[in-house]
Amino acid sequence: MIAAIRSYRIIIPVVVILLISTFAITANWGGVFDVFASAGIVSGSSAGQTRDPWGVDKESSSFVMPASPFAGITVNTLVDENNAGADCSLREAITAANTNAAYGGCTAGSGTDTITVSVAGTLTLTSALPAITSDMTIDGGSQAGFIVSGNNLYHPFTVTGGATIYVTITRMTITNGLVSSWPGGGCIGASNATLIVSGVTIDSCTATSSNNGGAISTSNASLTVEDSQITNNRTTSGSTNGGGIYVQGPAFVMTNSLVSGNHVAEGASGGNGGGMYLGTYQPSRLENVTVSSNTTGAGGNGAGINLNSGTYRLSNVTLSGNSGAGQGGGLANTASATIRNSTIADNTVTAAQYNGGGGGIQNGGTQIQLSQTTFLTAATLILSTVRRSKIRPR
């Protein structure tokens, strides 16, 4: 189906540039859009609107740790010991924080705990870390200096404490994690909690079996990712979604972050969202985010991002170089989305047998609003900047 772009205003530069990038190699016209939604697309903001409908401060995350007494626990060894010796390992620190009791060489936790790592280097796990079941912050001290490795065998972080707990994981690299059980997420899995990932690199993690989220997976959990890199993660089963991040929960916020090189396996019943698969029921946003070079296997929709459900605002987002074998090279949408001040370039879809279309965006949702968003395409000589445009099926 060929989509028409009807704009209230189109800003045309003085110099016409032949823009070559986003395209779709399909039996159908891929172009910039493939729109099959029967609902109309609306644009612009409500008259007299004075409050951001997302209800969040643009300069800060939407989730804030509650005020609470806290105790400090210091990790002073890279040995993955468990209740042995006088040193305090990360494994022992999590147990001490969960139980509010001294454990191994670690002091007792109390209230909202802060676990601080005082040593640099790589912690190689010998088994999965204990699940986090209480409020805590785990601070590695340095995004590059402290590394937690699952050794391609074990799952680093699981958060399962309940709907009222708040957990922050910050300033570290998490790599080579492996998960084969619920709640998924090759390096971090969270259920019924609020999770903040800040200043973290998550690289080369894997979700196997029927688990979602190569790097992070949430189930009924709110997630904030800020100042982080989600790279080279994957799922291995075609019934799964979210090569980098999988979200099913109240809300999702991502700021100042990179999602790149992630892959979701092919499959007729899944395999969507090479970079991210997002399903929320509260307003969510992505701001200052680059989503690049992510892929899906055959039948997978949304190589960069799959917006499955919810309401989203994308600001200053770059979708580039993503490649899928289904629909929506840059973004597949069955939700409601506003995209502004963003760039969508060099994305592709390649599988005609899966009705591939929408090299840049494929929309099956209720609406997409576009404002000051740049598309680069070889399918047509269009444009540069689109302001307040409507996308409707013809």
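Residues numbered from 1 in each chain as written. Predicted model: local features only at pLDDT ≥ 70, side-chain atom pairs only at ≥ 80, totals over all residues. Heavy atoms only, no water.

Concerning the overall build of the chain
What counts, and what does not: By definition, any uninterrupted DSSP run of H or I lasting at least four residues is a helix, any uninterrupted run of E lasting at least two residues is a strand, and each is numbered from the N terminus. In this description, contact between two residues means that some pair of their heavy atoms is separated by no more than 4.5 Å.
Across its full length, the chain holds 1 helix and 33 strands. Restricting to contacts in the chain with at least 6 residues of sequence separation, those with at least 24 account for 79%.

Some words on the nonpolar core
Selection criterion: We define the nonpolar core as a collection of buried residues of types Ala, Val, Leu, Ile, Met, Phe, Trp, Tyr and Cys that are connected through side-chain atoms lying within 4.5 Å of one another. The rule is simple: take the accessible area with a 1.4 Å probe, protein chains only, and divide by the maximum for that residue type; under 20% is buried, over 50% is exposed, in between is partly exposed.
Within the largest apolar cluster, 66 residues are counted, with the highest numbers of intra-cluster contacts made by Leu90 and Phe157. Here this core takes 5 residues from helix 1 (residues 90–99), the largest share from any one element. In this view, Leu90 contacts Val75, Ile115, Leu123, Leu129, Ile138, Phe146, Val148 and Phe157; residues no more than four positions away in its chain are not counted.

Side note on the state of the cysteines
Put simply, the rule is: Whenever a pair of cysteine sulfur atoms sits within 2.5 Å, that pair is classed as a disulfide.
Taken as a whole and assessed by the stated rule, the structure comprises 2 disulfides. One disulfide in the model links Cys187 with Cys205; its S-S distance is 1.9 Å. Across the S-S bond linking Cys187 and Cys205, the dihedral sits near -55°, which makes this disulfide left-handed. In this pair, Cys187 is assigned in the loop between strand 10 (178–179) and strand 11 (188–191) and Cys205 in the loop between strand 12 (194–203) and strand 13 (206–207), connecting sequence segments 18 residues apart. With its bonded cysteines labelled in order along the sequence, the chain shows the pairing 1-2, 3-4.

Concerning the pattern of salt bridges
Pairing is possible between side chains that carry opposite charge, provided their charged atoms lie close to one another. Quick note on the threshold: Each salt bridge in this description consists of a side-chain nitrogen of Lys or Arg and a carboxyl oxygen of Asp or Glu lying within 4 Å of one another.
What the rule picks out here adds up to 3 salt bridges. Across the salt bridge formed by Arg91 and Asp80, the nearest N and O atoms sit 2.7 Å from each other. In this pair, Arg91 is assigned in helix 1 and Asp80 in the loop between strand 3 (72–75) and helix 1, connecting sequence segments 11 residues apart. By relative accessible area, which is 11% here, Asp80 ends up buried.

Notes on the pairing of strand 24 (residues 305–309)
Test applied: By definition, two strands form a pair when at least two bridges between them are found by DSSP.
Here strand 21 (residues 276–280) pairs with strand 24 via 4 bridges, running parallel. Bridging across to strand 24, Leu278 finds its partner in Leu307. Sheet analysis places strand 24 next to strand 27 (residues 331–333), joined by 3 bridges and oriented parallel. Note that in strand 27 the partner of Ile305 across the bridge is Leu331.

Section: the packing of aromatic side chains
To be explicit about the condition: A pair of aromatic rings is counted whenever rings of Phe, Tyr or Trp (Trp by its six-membered ring) have centres within 6.5 Å, and the orientation is called stacked for planes under 30 degrees apart, edge-to-face for over 60 and tilted otherwise.
As enumerated under the stated definition, the model contains 1 aromatic pair in all. Here the aromatic rings of Tyr246 and Tyr277 are separated by 5.4 Å at their centres, their planes lie at 10°, and the arrangement is stacked. Taken together, the positions of Tyr246 in strand 18 (residues 245–249) and Tyr277 in strand 21 put the pair 31 residues apart, joining distant regions of the chain. One exposure class covers both Tyr246 and Tyr277, and it is buried.

Some details on the side chain of Arg91
The cut-off we apply is this: Counted as a polar contact is a pair of N or O atoms within 3.5 Å, where, for protein atoms, one must be capable of donating a hydrogen and the other of accepting one, and residues adjacent in sequence contribute only when both atoms are in side chains.
Owing to a relative accessible area of 6%, Arg91 belongs among the buried residues under this scheme. A polar atom in the side chain of Arg91 sits 2.7 Å from the side chain of Asp80.

Brief notes about unusual backbone geometry
Here the amide bond leading from Trp182 into Pro183 is cis, since omega sits at 10°, within 30 degrees of zero. Within the secondary structure, Pro183 sits in the loop between strand 10 and strand 11. Located in the positive-phi region is Asn256, a residue other than glycine, with phi close to 50°. Topologically, Asn256 is positioned in strand 19 (residues 252–260).

Quick look at helix 1
Taking burial as the measure, the 10 residues of helix 1 include 9 buried ones, the bulk of the element. Listed in full, the buried residues belonging to helix 1 are Leu90, Arg91, Glu92, Ala93, Ile94, Thr95, Ala96, Ala97 and Asn98.

Points about the side chain of Thr77
With respect to the helices and strands, Thr77 occurs in the loop between strand 3 and helix 1. Residue Thr77 is classed as buried on the basis of its relative accessible area, which comes to 8%. Of note is the side chain of Thr77, whose polar atom sits 3.1 Å from the backbone nitrogen of Val79. Not counting residues up to four positions away in its chain, the partners in contact with Thr77 are Asp87, Cys88, Ser89 and Val119.

Brief notes about the environment of Ser309
By the element assignment, Ser309 lies in strand 24. The spacing of Ser309 and Gly279 is 30 residues in sequence and 4.6 Å in space, taken between C-alpha atoms. Discounting chain neighbours no more than four positions away, the residues touching Ser309 are Leu278, Gly279, Thr280 and Ala335.

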